[in-house]
Amino acid sequence: QLVESGGGLVLPGGSLRLSCVASGRTFSSYAMGWFRQAPGKEREFVAVISSTGYSTNYVDSAKGRFTISRDNAKNTVHLQMNSLRPEDTAAYYCAAGSFVRNMGGYNYWGQGTQVTVSS
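The sections below set out a description of the structure shown in this document.

Reading the values: rules and limits
- Residues numbered from 1 in each chain as written.
- Predicted model: local features only at pLDDT ≥ 70, side-chain atom pairs only at ≥ 80, totals over all residues.
- Heavy atoms only, no water.
- Buried < 20%, exposed > 50% of the residue type's maximum accessible area, 1.4 Å probe, protein only.
- Salt bridge = Lys/Arg side-chain N within 4 Å of Asp/Glu carboxyl O.
- Helix = DSSP H or I, 4+ residues; strand = E, 2+ residues; numbered from the N terminus.

Positive phi outside glycine occurs at Asn75, with the angle close to 50 degrees. Residue classification places Asn75 among the buried residues on the basis of a relative accessible area of 18%. A positive phi is found at Ser83, a non-glycine position, where the angle reads about 50 degrees.

This part takes up the pattern of salt bridges. Tallied over the entire structure, the rule returns 4 salt bridges. The residue Asp88 makes a salt bridge to Arg36 at a minimum N-O spacing of 3.0 Å. Here Asp88, found in the loop between strand S8 (76-81) and strand S9 (90-97), pairs with Arg36, found in strand S4 (residues 31-37); they are 52 residues apart in sequence, far enough to count as distant. Between Asp60 and Lys63 there is a salt bridge, and its shortest N-O distance comes to 3.0 Å. On the accessibility criterion, Asp60 (58% relative accessible area) is exposed. Taking the relative accessible area as the measure of exposure, Lys63 reaches 49% and is therefore partly exposed. Connected through shared salt-bridge partners, Arg36, Glu44, Arg65 and Asp88 make up one network.

Written as structure tokens, this is what we have:
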């Protein structure tokens, strides 16, 4: 089970830190990804971190603004989002699976947390 938190309403240029806590003893075996889905749009890849945390990958629009990290001792993955833009508004989902960018590579999904960037 994956449970996200940390979403909310933030002004453009602001920051949020999303968290995802996983239950179970196999968390460290999975790459962890973040995806987002805006109203009327398809769910899209945002970032992924390898099982060890040594490798990361980001969608171009997130590079330099977002940072994905994980703490395997706490079964937690974070997404630090800085310099937020209105176009970042979406429901954000964490997922556990392979170190890939496509949704099909993930076995487990959280319920999502809403991020709204607006003045």
